[in-house]
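# What the coordinates show
If you want the building blocks of each chain, they are given just below.
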Amino acid sequence: MAEPEAAAGSGAGGSPEAGSGGGGGAWRRPHGPLQRYYGPAAAEAAEAAPDPADINGPHFDPEVFLTKVRSECPLGQLLAREAALGREIRALDSDMQTLLYENYNKFISATDTIRKMKVDFRRMEAEMDELAANMAAISTSSARVSAALHDRHRRGAQLAGVQALLRKLQSLVEVPGRLRRWAAPGGEPARALRCHARARAVLRHYRHLPSFRAIEDESQAIMAELARRLRARLREETLDPKELTECVEMLLQLEEPPEELCQEFLSHAGARLEAELAALEAELPPPDPSGAGATPPPASDILDFVDRGSSAFVGTLCLLAASYRSLFEGRAGAGEGRLEAFAASLTGRYFELLERRLALERGLGDTSLLVRALDRFHRRLRALLELLPAAGAQAGAALVARAARERVGRYLRALQTFFLGCLGDVRQALAAPRPPGKEGPGLPDLLATLSSSVLGQLKAVLAYVQLFTARDVAFASLPYFKGEFCVEAVREGLVVAFVRWLCRTARGFADSPAERGAPAAPPALLLLLSRLCLDYEATTISYILTLTDEQFPPQECGAAAPGPVLCAEARAAAQRLLDHYVQVQGAAVAQMLRKSVETRDWLGTVEPRNVRAVMKRVVEDITAIDIQVGQLFEEGVRRAQSSDSSRRAFSVYSSSRAPSRYAPSYTPSAPMDTHLLSNIQKLFSERIDIFSPVEFNKVSVLTGIIKISLKTLLECVRLRTLGRFGLQQVQVDGHYLQLYLWRFADDERVVQGLLDEVAASATHRCLDPVPMEHSVVELICERG
């Protein structure tokens, strides 16, 4: 019964309560060995940290538990807890005994099973030991096999190295043959150079060995022959830039002197570029030193010429410059600045040829074609300047600027020619005979046509010139085209220059024919040009300048001519033309009056019965001038007129208001009385300025013409000697003029005063000063 008791004792300890009551701490749960074999459950492993005061926990510590209970519970609770623990211990012991009795057979079976498992474990351990021994033997065998394989691999590597060395030696032995085959004429020299470059270092390293020295000497001889043929090929003129670069590159790989190769490269490149320039020059006609012969037109347009120059010369120069830098950049003996000097001389010649070709563009032609040509030239030049900054950047920009200025100058001359042609059309229209009953174009129509034609042509020219500053044009970004071109070339050189030339040209018609060396301009043209200049001063100049500043906005404010200065010049030209018109028309009327006075016998003339025809012609001409001036100028302001201006009496005395009763008492014996009376009249009358500047209105112009005409009549009468009937004829003519001329003048007193002076002068120069009765004078004038 020893085993059952022991089992019972173990069973009593299987309860937690029994364990806690028995003390000793040696109790374990029945499933403890299985738990240690299979490991703790996942849920238990995830529990919190062990608590030694937990009486039901696996980490229970009696000392910690008792210390905690004594410190936390009073004596009554301790006694109650002791009694409760005693009851639990007894209950657990009873339960354990009952459980042990009920499961005795099961415990016996479990004990037998455990005993068998121990036997199986021992057998398994033995088998594992035998297996470990077998594995050790296998490991030993594997180590021996690995060592054998490593040794074999090492021997294979040595064999491969020997084989590679043999192959290298074989390739070195074959180098001369390969070089001879590839370096032969028609072969592959680049491949020969690569082969020689790979073998050269090895051959030099083992040159002390006779076999290697022989191979190297033979290879050097082959490559020397290749170098000789390459140099001979380098001197061929048909070599293109790509072949030239390849040839020089191979010679450099053959360790030829860089300085010599650089010189030969530039020499060959120069010869090719010279040929390109010669081909361009062949398209240009030979220059004429005398300038007398007519230069034939070019065979192609400027765009084709620039395209050929850009693709042939500039393109080749770019390729050669890039090749030169890739070949000789950083090499000793290549020479610094040699390429820049070489390119600068050739680009200078190219610019000269382009200048000559641009000079052949004498007409206006197609401006868009010229702009496209200059744009392509500038773009290709910019690509060249990226490689060679010193290849003529300023010269190229100056060439484009000169071409633009030259085209603007031609447009200015074209505008001048157009204006002169318009003036010729106007003169022809004014001079053309008119069939009876058919009127030609009036002065307002001619003025409107002339003004609109010139303004339209100027706008068209500005549109053409604006192509030079378009956004898609590369050279428009140059500083010149953003500032100086807009101000100096277009605004000042074209627009302002044309306006000033127009004013000077118009004013030139006011010069005398002797000074101009040309026939005098018709008076209507003078009047029309005066009005044109006046319109320019009023509106056209400001409109043109505003339009120009909008289309060509300058970034810098230069010394531009202000609008008021041009307006003042235009007004001065208009004033000079209008003054000259008054002088011309006044001189024409005065010429008729002078001839009529000089060709008449004033002493032997008969008693007047009619107004002379010349006076009627004078009134008709003044009326025609009034109509002509009224077409272009406003009426103007007249002074207040008296109510009887048309009926004023024309007296032969110096004063028009002299009483008629003085006339019968006039005798030739008292001439001083009349002369004294005339002098007194001049003292108290206003001085009349005959050639004073006229204003821009009709009455001022007619007043100036009338003053010149009547002043001429006065001077002619002073030089004649008159009889009685001659004086009476002057009286009749003067009264007739008074009846019709006062309405054309801005002040009737001017006409009256001049006619009074004519009458006074006639009386003074008359031998028998007996005037005609005023009623008779009026009757004759009314009948005439």
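Everything below is about the structure shown above.
Here is a short report on the structure shown in this document. None of the values given here were measured: they were computed from a predicted structure.

## With respect to the overall build of the protein chain
Helix and strand counts for the protein chain stand at 26 helices and zero strands. Put simply, the protein chain has 784 residues, and 38% of those count as buried. Within the protein chain, counting contacts between residues at least 6 apart in sequence, those at least 24 apart form 81% of the total. Accessible surface for the protein chain amounts to roughly 43600 Å². Of this, 56% is attributable to carbon and sulfur atoms.

## What to know about the environment of Ala-275
Among the secondary structure elements, Ala-275 is positioned in helix H11 (residues 258–282). Using a relative accessible area of 47% as the deciding quantity, one classes Ala-275 as partly exposed. Along the primary structure Ala-275 and Ala-312 are separated by 37 residues, whereas in three dimensions their C-alpha atoms are 10.0 Å apart.

## So, the pattern of salt bridges
All chains considered together, the criterion is met by 23 salt bridges. A salt bridge links Asp-535 to Arg-531; the nearest nitrogen and oxygen atoms lie 3.1 Å apart. You can see Asp-535 and its partner Arg-531 sitting in helix H19 (residues 523–551), four residues apart, about one turn around the helix. Accessibility expressed as a relative area gives 14% for Arg-531, which makes it buried. Across the pair Arg-531 and Glu-634 runs a salt bridge, and its minimum N-O distance is 3.8 Å. Of this pair, Arg-531 sits in helix H19 while Glu-634 sits in the loop between helix H21 (613–630) and helix H22 (671–684), and the two are 103 residues apart along the sequence. Here the residues in one salt-bridge network are Glu-406, Arg-410 and Arg-413, joined through shared partners.

## A closer look at the packing of aromatic side chains
In the structure shown here, the tally under the stated rule is eleven aromatic pairs. Among the aromatic side chains, those forming a connected cluster through ring pairs are Phe-313, Tyr-350, Phe-351 and Phe-377. Directly above the aromatic system of Phe-633 lies the positively charged group of Arg-531, at a separation of 5.4 Å from the ring centroid. One Lys or Arg, Arg-600, reaches over the ring of Trp-602 and ends 5.5 Å from the middle of that ring.

## Considering helix H10 (residues 241–253)
Compared with an ideal rise of 1.5 Å per residue, which puts 13 residues at 18 Å, H10 spans 18 Å between its outermost C-alpha atoms and is within 8% of the ideal. For H10, the set of buried residues is Pro-241, Leu-244, Thr-245, Cys-247, Val-248, Met-250, Leu-251 and Leu-252. One or two positions beyond H10, positive phi appears at Glu-255, with a value near 65°.

## A closer look at helix H13 (residues 338–359)
Between the first and last C-alpha of H13 there are 32 Å, a value that for 22 residues agrees with the 32 Å anticipated at 1.5 Å per step. Restricting attention to buried positions, one finds in H13 the residues Leu-339, Phe-342, Ala-343, Leu-346, Thr-347, Tyr-350, Phe-351, Leu-353, Leu-354, Arg-357 and Leu-358. Here the buried residues of H13 occupy an arc of 165° about the axis, which is enough to place them on one side. Facing away from the buried side of H13 by over 90 degrees, the exposed positions are Ala-341 and Glu-352.

## Overview of the side chain of Glu-492
The topology assignment puts Glu-492 in helix H17 (residues 479–508). A distance of 3.2 Å separates the side chain of Glu-492 from the side chain of Arg-491, its partner in a polar contact.

## Topic: a nonpolar patch on the surface
Taken together, Met-128, Leu-131, Met-135 and Ile-138 make up a surface patch of nonpolar side chains, about 400 Å² in accessible area. Positionally, Ile-138 belongs in helix H7 (residues 104–182).

## A few points about the packing of helix H12 (residues 302–328) against helix H14 (residues 367–387)
The relative placement of two packed helices is expressed as an angle between their axes plus a distance between the axes. Direction vectors running N to C along H12 and H14 enclose 5°, while the axes themselves pass 10 Å from each other. Between H12 and H14, the interaxial angle falls into the category roughly parallel.

## Section: the nonpolar core
Formed by 175 residues in total, the largest nonpolar core has its most connected members in Phe-419 and Phe-485. The element best represented in this core is H17, accounting for 15 residues. Among all residues touching Phe-485, those that are not within four sequence positions of it are Ala-404, Val-408, Val-465, Phe-468, Thr-469, Tyr-480, Val-490 and Phe-552.

Reading guide: rules and limits
- Residues numbered from 1 in each chain as written.
- Predicted model: local features only at pLDDT ≥ 70, side-chain atom pairs only at ≥ 80, totals over all residues.
- Heavy atoms only, no water.
- Helix = DSSP H or I, 4+ residues; strand = E, 2+ residues; numbered from the N terminus.
- Buried < 20%, exposed > 50% of the residue type's maximum accessible area, 1.4 Å probe, protein only.
- Contact = heavy atoms within 4.5 Å.
- Areas by Shrake-Rupley, 256 points an atom, 1.4 Å probe, with all protein chains shown as cover.
- Salt bridge = Lys/Arg side-chain N within 4 Å of Asp/Glu carboxyl O.
- Phe/Tyr/Trp six-rings, centres within 6.5 Å; stacked < 30°, edge-to-face > 60°.
- Lys NZ or Arg CZ within 6 Å of the ring centre and 35° of its normal.
- Expected span 1.5 Å × (residues − 1).
- Arc of directions from axis to C-beta.
- Polar contact = N/O pair within 3.5 Å; in protein donor to acceptor, adjacent residues only side chain to side chain.
- Patch = residues over 30% accessible without salt bridge, like charges linked within 9 Å, V, L, I, M, F, W, Y side chains within 5 Å.
- Axes fitted to C-alpha atoms, helices over the stretch in contact; angles between N-to-C directions.
- Parallel < 35°, antiparallel > 145°, perpendicular 65-115°, else oblique.
- Core = buried A, V, L, I, M, F, W, Y, C linked by side-chain atoms within 4.5 Å.

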